[in-house]
Amino acid sequence: QTSDEDALRQAFSLTVREAQVLLWIAKGKANKDIGEILGLSARTVNKHLEQIYVKLGVENRASAAVKAAHVLHEP
């Protein structure tokens, strides 16, 4: 059984950190909250997000969250 994080990593070729950030984005967390959860600065979270957008081919967090949700909710 793969974790949600692993599923996102495999689907989008993300790093461990990017997968963690995307998972929290999909759960509706703000950058500041994600930073606190993962022990990162909001600026670092934003940098990860920029890479996530490129890898997912999206331009904003809403689109990224939708793509992540599709992967996470596959049966």
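Residues numbered from 1 in each chain as written. Predicted model: local features only at pLDDT ≥ 70, side-chain atom pairs only at ≥ 80, totals over all residues. Heavy atoms only, no water.

Trainee: Help me get a handle on the overall build of the protein chain, residues and values and all.
Mentor: Scanning the protein chain from N- to C-terminus turns up five helices and zero strands. Secondary structure of the protein chain in N-to-C order comes out as α-α-α-α-α. For 75 residues, the compact-globule estimate of 2.2 N^0.38 gives 11 Å, and the protein chain sits close to it at 11 Å. Its C-alpha atoms put the protein chain at 35 × 25 × 20 Å along the principal axes. When the 75 residues of the protein chain are sorted by exposure, 36% land in the buried category. Residue pairs in contact within the protein chain that sit at least 24 positions apart in sequence constitute 48% of those at least 6 positions apart. As displayed, the protein chain offers around 4600 Å² of accessible surface, 49% of which is attributable to carbon and sulfur atoms. Measuring between centres, the 10 positive side-chain charges of the protein chain sit 5 Å from its 9 negative side-chain charges. (Helix = DSSP H or I, 4+ residues; strand = E, 2+ residues; numbered from the N terminus. Rg over C-alpha atoms; globule rule 2.2 N^0.38 Å. Buried < 20%, exposed > 50% of the residue type's maximum accessible area, 1.4 Å probe, protein only. Contact = heavy atoms within 4.5 Å. Areas by Shrake-Rupley, 256 points an atom, 1.4 Å probe, with all protein chains shown as cover. Lys, Arg positive; Asp, Glu negative; His and termini not counted. Charge placed at Lys NZ, Arg CZ, Asp CG, Glu CD.)

Trainee: Any details on helix H3 (residues 31–38)? Residues and values, ideally.
Mentor: Inspection of H3 places Asn31, Ile34, Gly35 and Leu38 among the buried residues, and these make up the whole buried set. Within H3, the buried residues cover an arc of 100° as seen down the axis, which keeps them to one side. Across H3 from its buried face, at more than 90 degrees, point the exposed residues Lys32 and Glu36. Where H3 ends, the next residue or the one after it, Gly39, has phi of about 75°, a positive value. (Arc of directions from axis to C-beta.)

Trainee: Can you explain the environment of Ala11? Please cite residues and give values.
Mentor: Position of Ala11 among the secondary structure elements: in helix H1 (residues 4–12). For Ala11, a relative accessible area of 42% translates into the label partly exposed. As for Ala11 and Asp33, which are separated by 22 residues in sequence, their C-alpha atoms are 25 Å apart.

Trainee: Go over helix H4 (residues 42–56) with me, naming the residues and quoting the values.
Mentor: Between its terminal C-alpha atoms H4 stretches 21 Å, which fits the 21 Å expected from 15 residues at 1.5 Å a residue. Along H4, the residues classified as buried are Val45, His48, Leu49, Ile52, Tyr53 and Leu56. Looking straight down H4, one finds that the buried residues subtend no more than 145° of arc, so they occupy a single side. With respect to the buried face of H4, the exposed residues turned more than 90 degrees away are Arg43 and Val54. Where H4 is buried, its residues touch H1, helix H2 (16–26), H3 and helix H5 (61–72). Just downstream of H4 lies Gly57, where phi reads positive at about 70°. (Expected span 1.5 Å × (residues − 1).)

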